[in-house]
Amino acid sequence: MTALTRLSIAIVITSLAAGASPAQPPATTPLRYPPTRASDQVDNYHGTRVADPYRWLEDTDAPETRTWIEAQNALTFGYLETLPQRAPIRERLNRVWNYPKYSPPVKVRNHYFTLENSGLQDQPVLYVRERIDGAPRVLLDMNTTGSDGTIALTTFEPSPNAEYLGYGVSSGGSDWQEFRVRDVRTARDLPDTLKWVKFSSIAWTRDNKGFFYSRYDAPTAETAMLAVNRNQKLYYHRLGTPQSDDELIYSRPDEPDWGFDAEVSDDGYYAVIHVWEGTDPKNRLYFIDLDSPTRPRITAPVVKLIDEPDAAYRFVQNEGPTFILRSDNEAPRGRLIGVNIMAPRRENWRAIVPQAPNATLVDAEAVFDRIAVTYLENAVSSVRLYSLRGTPAGIVELPGIGTVSEVTGHELDREFFYAFSSFLVPPTIYRYDLRENSSTVFAQPTLPVDVGPYETTQVMVPSKDGTMVPMFITARRGMKLDGTNPTLLYGYGGFNVSLTPEFSPEKMVWLEMGGVYAVANLRGGGELGQAWHEAGTLERKQNVFDDFIASAEYLIAQGYTVASKLAIQGGSNGGLLVGAAMTQRPDLFAVALPAVGVMDMLRFHKFTIGWAWTSDYGSADEPSQFPYLRAYSPLHNLRKGTAYPATLITTGDHDDRVVPGHSFKFAAALQAAQGGPAPALIRIDTRAGHGAGKPTSKRIEEAADRLAFTAQHLGMPASPNP
């Protein structure tokens, strides 16, 4: 499975330059917002009446909504154009962003497939080398397919003989993908085109004649962006045939919320099917005995190996009939287990790599006769090697404290690749030689910025209930803790997602501007295992907001900043986080930057894949869950006359994951409620979705607007200091 596939199934301080003038203080005259019609829509939730006056904004393509979008954008962009910081920040972002970016190679039959971006290309280019030291050849360049850079590569998987490339593309930021097949030798597409694909891998059979994939029935044109996604089906596509001839392998019309993610074992004997339901990490595990790698029986019966979703089960490798699985069964921080499919009863399962003390197992990749296991220890990566029987076989020495991601390898190889990054180090690609037991640099970018003056520290923050929450703080060495430092606090806190050290050109410019950057590892994430995740779900979701608020209070108490110099940022579930924090503690923050957020906790499950989030959130349809959702739903906790922070909401009009109606309604309600002089603006990107595949040019423009807005309302200088 490629790195892109893994990702598809959900981001330094100098003194002021001589002569630099501080920004003008924020405007004190409230803006005049475009009028937003308020309807008399009221819903009854289990006896509680809840008004929803901006319901009409959920219909993204309605003429009235499009008029509203144009008016809001006219106000927002008109305001942003007046900010003195905007132009110099954008110029500096273009310089800092302009460095080469690489992904770890995917090796197949001595062919090395890599994604590379020379610096400012809108989309990365897929190259192939026919030996490790060979010249790269362009195989797929999405930058040549459209004028606005919004057609993106979503996933790719070479065939086992490296003659073909299965790949996915999306347009305008949509989760909908189209799968295609390319001849690797000629770099030309075959006629094969597969539509209405979402949340799917490409799993080739070892005869190179086709692959498993998952898709939905075609929606109507009118409902494609909003309709609920249910009844996913697993198909097999044979090369050279139309999609209408694809064989239906497995579906469960009696379980419309089930989804299917297939992969084929390296030896080609098994198709392993991960059966998922929503975003709950707990899953079922089925398989098909293909009988032969060269003549696979794709229509053989589907065998239910694990049919009780009591834990997470991810296939790693097989030794004959023994499947090696990564699981948190009886191990909330993860372990590797062996399950013999000929004797699958639980009492026959055996531990291969037991749960580690104080470390969370987050990934495992089988390479030749070893397994490279990636752990998180307080959100910092380590990699340990084991034999297929679980015997310790060494430790991968990493270049520092940071994040290991995208480990790629194959059972026939004596090498694997991985990316290492930190807040101050962009992803560097390493090759690990199993013969030499050592790493060497495969691809290393050269940054157009000096990171030497900065450092990252990790602290433990006591939350409201005494729970200790890890937080990273990146700042200039030796900075004064006198409460004058503009500070940006970032968080997520959900869906078992871990926030680990990650390089960001935007955050580098922020640090150059004199800012402090903090990342809090909140409950609800996966940094400390399944118990940490569950502590921030359902009726315990308030813990996440308490952790975030405690992190902000820590930064103030320790002298990093004050409330008037503090900004908060988050996207998607992190957008919900920002929305909840700013409505619960509007006094604690000067700037709020919620992006593509889940803002209406009473209706999120009624659109596209939103129903899948009920495992983390719950549902307002359930009488026992409605009260706590209502208690923190950002949309429903705005209070008229309250002075809220300066807020820049960002979303995309093609977001079909967290539909833009969330942000539209929150913006309208915030503008109506704002009792202070700070602006409440919404920036609506067109031809953009939830974030994946967004072109570099759009990312830079949005980052410039976000930083300029933040700088203006934290009283920062008009120019970054490189």
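For the structure itself, consult the block above.
Thresholds applied
Residues numbered from 1 in each chain as written. Predicted model: local features only at pLDDT ≥ 70, side-chain atom pairs only at ≥ 80, totals over all residues. Heavy atoms only, no water. Helix = DSSP H or I, 4+ residues; strand = E, 2+ residues; numbered from the N terminus. Buried < 20%, exposed > 50% of the residue type's maximum accessible area, 1.4 Å probe, protein only. Areas by Shrake-Rupley, 256 points an atom, 1.4 Å probe, with all protein chains shown as cover. Lys, Arg positive; Asp, Glu negative; His and termini not counted. Charge placed at Lys NZ, Arg CZ, Asp CG, Glu CD. Phe/Tyr/Trp six-rings, centres within 6.5 Å; stacked < 30°, edge-to-face > 60°. Lys NZ or Arg CZ within 6 Å of the ring centre and 35° of its normal. Core = buried A, V, L, I, M, F, W, Y, C linked by side-chain atoms within 4.5 Å. Contact = heavy atoms within 4.5 Å. Pairing = 2+ DSSP bridges. Axes fitted to C-alpha atoms, helices over the stretch in contact; angles between N-to-C directions.

## Quick notes on the overall build of the protein chain
Right, on to step 1. Helix and strand counts for the protein chain stand at 11 helices and 39 strands.
Right, on to step 2. Taking the principal axes of the C-alpha coordinates as reference, the protein chain spans close to 75 × 60 × 50 Å.
Right, on to step 3. Counting every position in the protein chain, which comprises 722 residues, the buried fraction comes to 61%.
Right, on to step 4. In the structure as shown, the protein chain presents an accessible area of about 27100 Å², 50% of it carried by carbon and sulfur atoms.
Right, on to step 5. Of the charged side chains in the protein chain, 70 are positive and 83 negative, and the gap between their average positions amounts to 2 Å.

## Observations concerning the packing of aromatic side chains
Right, on to step 1. Under the counting rule described, the total for this entry stands at 31 aromatic pairs.
Right, on to step 2. Measuring from ring centre to ring centre gives 6.2 Å for Phe211 and Tyr213, while their planes differ by 65°; the resulting arrangement is edge-to-face.
Right, on to step 3. Between Tyr313 and Trp349, the ring centres sit 5.9 Å apart and the planes meet at 80°, which makes this aromatic pair edge-to-face. A residue pair is termed long-range when its members are at least 10 positions apart, and Tyr313 in strand E20 (residues 313-319) and Trp349 in the loop between strand E22 (335-340) and strand E23 (350-353) qualify at 36 residues. For the pair Tyr313 and Trp349, one class covers both residues: buried.
Right, on to step 4. Within the aromatic cluster, the residues linked to one another by ring pairs are Tyr164, Phe179, Trp204, Phe211, Tyr213 and Tyr235.
Right, on to step 5. For the cation-ring pair, Arg215 lies above Tyr235, with the distance from its terminal atom to the ring centre recorded as 4.1 Å.
Right, on to step 6. Over the aromatic face of Tyr375 sits the side chain of Arg384, whose NZ or CZ is 4.2 Å from the ring centroid.

## A short note on the nonpolar core
A general tendency of soluble globular proteins is for nonpolar side chains to be buried together.
Right, on to step 1. Formed by 121 residues in total, the largest nonpolar core has its most connected members in Trp68, Met471, Leu489 and Tyr617.
Right, on to step 2. Those residues in contact with Met471 that sit more than four places away from it in its chain are Thr457, Gln458, Val459, Val461, Leu489, Ala518, Val519, Ala520, Asn521, Ser551, Tyr554 and Leu555.
Right, on to step 3. Of all hydrophobic cores here, the second largest spans 18 residues; its members include Leu234, Trp258, Val275 and Ile288.

## Here's the deal with the sheet that holds strand E12 (residues 203-204)
Right, on to step 1. Taken together, four strands build an open sheet; the order of strands is E12-E13-E14-E15 and the sheet is antiparallel. Two strands close off the open sheet at either side, each with one partner strand: E12 and strand E15 (247-250).
Right, on to step 2. Of the pairings in the sheet, the one linking strand E14 (residues 233-238) to E15 comprises three bridges and is antiparallel in character. Its bridge partner lying in E15, Tyr236 is registered against Glu247.

## Examining the sheet that holds strand E31 (residues 438-443)
Two pairing modes exist for strands in a sheet, parallel and antiparallel, and in both the strands are linked by backbone hydrogen bonds.
Right, on to step 1. Reading across from one edge, E28-E29-E30-E31 is the order of the four strands in this open sheet, with antiparallel pairing throughout. Looking along the sheet, the strands with just one partner apiece sit at the ends: strand E28 (403-408) and E31. Recorded for the sheet is a direction-independent mean angle of 35° between the axes of neighbouring strands.
Right, on to step 2. Bridge count between E28 and strand E29 (residues 415-421): four bridges; the pairing is antiparallel. Note that in E29 the partner of Thr408 across the bridge is Phe417.

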